[in-house]
Amino acid sequence: MYATPTWAGLRFRSAVRLALGISLGLLGMVPHLLDLSWDQTIPYIVAGSLVVIALVSVVVLTLLREGFTRHAWAEVAPSIFIVVLVAVMCVPLWVTSGALGPWSGDVLVIGFVIYYLAELRGVVKSHPTLYAGLAISGIVVIISLAMADVEAEAQNRRITNAGDAMLWALAQVFRSGVLVDVKPITPAGAVLGFVVILTSVFFAAVLFSAITAWAVRQGASRDRQASAGEAVRESVLAALREAGVIEADPEPEVGTPRLWIDIDWIAGTRRGKWWFARHATAAEVLALLETAPDIREVPGVIAVVHGTADREWDIESTDSIQVEVASDVAAWMLEHARPGDVVVTGRRGLVDDLADAGIEVQAPGALMERLAGQDRATP
């Protein structure tokens with residue numbers, strides 16, 4: 001199974017930690033919403049403890065893999081924060097029934113909101129509008145569940161369940177609070193309500209930003225239509241050249257056949273493809289290629305790896321292998337490969353396009369087996 005570069009590494013690890021953190025929050029909040037007795041909450045406590053162990057394991061595994069660097073510590077800081085917060089707030093709450101006072105639950109809810117926003121940023125890295133939408137939705141859901149819990153114990157309460165709390169929160173977000181006859185009346189509910197109102201202020205900015213982005217995309221679409229018209233013009237000129245109406249372009253000179261290796265695809269199918277960053281896995285594949293005797297004897301070997309202009313690469317071309325970095329590996333290889341070359345890749349769409357262009361394609365199975373053998377032989 002191929003893992004795309006956008007999900008390999010940091011993004012996937014953030015998604016795993018976020019799922020564990022959300023599970024931990026739900027396991028801690030549901031028993032309070034259902035007013036379960038101590039005996040009934042024991043399964044939730046056990047499940048929550050297992051989630052905490054899994055989250056700590058993920059943190060340790062990340063630090064071991066990344067070498068305890070500053071970036072690794074920054075990556076796992078939200079998870080360490082929420083584990084410590086749960087230990088400080090929940091353990092005394094379970095043992096002494098609220099030793100830290102009536103505000104411990106509210107502090108825990110705000111902590112989960114901070115954790116959610118931090119980990120979500122690692123999952124949704126390049127879509128600010130999507131991040132803002134998910135952040136606002138998550139805050140509304142978390143605060144609504146917490147508000148339903150704190151308001152349920154008050155006299156003359158108007159919010160009696162999670163549905164009422166969600167209705168009030170949505171009314172604040174969409175600026176239609178006058179249409180809803182529910183509101184928090186407890187001090188803790190007022191604090192949580194202030195967080196919802198503060199979130200609603202950002203909702204309008206997100207909405208207008210999304211509309212602006214849509215207008216910009218419409219303008220870009222018109223530009224693409226103009227480019228399509230240029231492509232039609234080139235097609236007409238090509239037909240006229242073929243018919244002999246206008247002079248044909250000279251045939252390009254055919255150079256030495258080259259061997260193209262799709263390093264990104266091979267790295268995306270290796271062990272640990274989801275957990276490790278793509279550039280690190282690609283570097284390991286290249287290191288194995290450079291030591292392969294049959295690869296060193298082939299002239300014109302070009303290894304294509306995934307990367308962007310703003311990412312620093314410590315991978316350099318060698319005497320036997322030329323390294324090329326491309327943000328879109330498939331498009332780059334299709335553009336630069338020519339008839340007579342051999343391309344080693346497993347991308348189905350790229351294989352069909354290369355075959356249509358008359359370029360030979362080889363499956364990477366045999367190459368991957370040799371690399372796997374070298375990897376096992378490496379002490």
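Here's what I pulled together on the structure shown here. Remember, it's a predicted structure, so these values are computed and weren't measured experimentally. What you see as residue numbers is a count from 1 along each chain, following the sequence as written. Residue-level local features of this predicted model are given only where pLDDT is at least 70; pairs of side-chain atoms are given and counted only at 80 or more, and the full residue set underlies all totals for whole chains, interfaces and linings. Heavy atoms from the whole structure form the basis of all side-chain values; hydrogens and water molecules are not counted.

### Quick look at the side chain of Thr186
Phase 1: For the purposes of this entry, the term helix denotes a DSSP run of H or I that reaches at least four residues, the term strand denotes a run of E that reaches at least two, and both are numbered from the N terminus. Mapped onto the elements of the fold, Thr186 is located in the loop between α6 (162-173) and α7 (187-243).
Phase 2: Of the residues examined, Thr186 reaches a relative accessible area of 14% and is grouped as buried.
Phase 3: Of the polar contacts made by the side chain of Thr186, one reaches the side chain of Glu151; its length is 2.6 Å.
Phase 4: Here, residues are in contact when the closest pair of their heavy atoms is within 4.5 Å. Non-local contacts of Thr186, meaning those with residues more than four positions away in its chain, are made with Val150, Glu151 and Ala154. The buried label goes to any residue with under 20% of its type's maximum accessible area, the exposed label to any with over 50%, and the partly exposed label to all in between, with areas taken from a 1.4 Å probe on protein chains only. Between N or O atoms, a polar contact is any pair within 3.5 Å; within protein, one atom must be a potential hydrogen donor and the other a potential acceptor, and residues adjacent in sequence are included only when both atoms are from side chains.

### Describing the packing of helix α1 (residues 10-34) against helix α2 (residues 38-66)
Phase 1: Contact geometry of α1 with α2 gives a least axis separation of 10 Å together with a crossing angle of 160°. The angle between the axes of α1 and α2 places the two elements in the roughly antiparallel class. Pair α1 / α2 crosses with left-handed handedness. When α1 is examined against α2, the residues Arg13, Val16, Arg17, Leu20, Leu24, Leu27, Val30, Pro31 and Leu34 are found in contact with a partner set consisting of Thr41, Tyr44, Ala47, Gly48, Val51, Val52, Ala54, Leu55, Val58, Thr62 and Glu66.
Phase 2: Side-chain classes follow a simple rule in which Ala, Val, Leu, Ile, Met, Phe, Trp, Tyr, Cys and Pro form the nonpolar group, Asp, Glu, Lys and Arg form the charged group, and the remainder, Gly included, forms the polar group. Looking at the contact of α1 with α2 residue by residue, the classes come out as 14 nonpolar, three polar and three charged. For helices, the axis comes from a line fit to the C-alpha atoms of the stretch in contact; other axes are also lines fit to C-alpha atoms, and the angle between any two N-to-C directions lies between 0 and 180 degrees. Comment on the angle field: the value is read as roughly parallel under 35 degrees, roughly antiparallel over 145, roughly perpendicular from 65 to 115, and oblique elsewhere. In this scheme the handedness of a crossing depends on how the near helix is turned from the far one: anticlockwise by less than a right angle means left-handed, clockwise means right-handed.

### Side note on the environment of Leu179
Phase 1: The topology assignment puts Leu179 in the loop between α6 and α7.
Phase 2: Residue class for Leu179 comes out exposed when judged on its relative accessible area of 72%.
Phase 3: Taking the C-alpha atoms as reference, Leu179 lies 9.5 Å from Trp168; in sequence the two are 11 residues apart.

### Some words on the sheet that holds strand β4 (residues 342-344)
Phase 1: Paired strands, in this sense, are two strands between which DSSP finds at least two bridges. Overall, parallel pairing links the five strands, which are arranged β3-β2-β1-β4-β5 in an open sheet. Taken across any chain shown, the strands that pair with only one partner, and hence form the sheet edges, are β3 (321-326) and β5 (360-362). Averaged over all neighbouring strand pairs, the angle between strand axes comes to 25°, with direction disregarded.
Phase 2: Pairing geometry for strand β1 (residues 259-262) and β4, over three bridges, is parallel. Opposite Ile261, over in β4, you have Val344 as the bridge partner.

### A short note on unusual backbone geometry
Phase 1: Non-glycine residue Phe68 carries a positive phi angle of around 55°.
Phase 2: Here Phe68 lies in the loop between α2 and α3 (70-96).

All quantities given are derived from atomic positions and should not be read as evidence of function.
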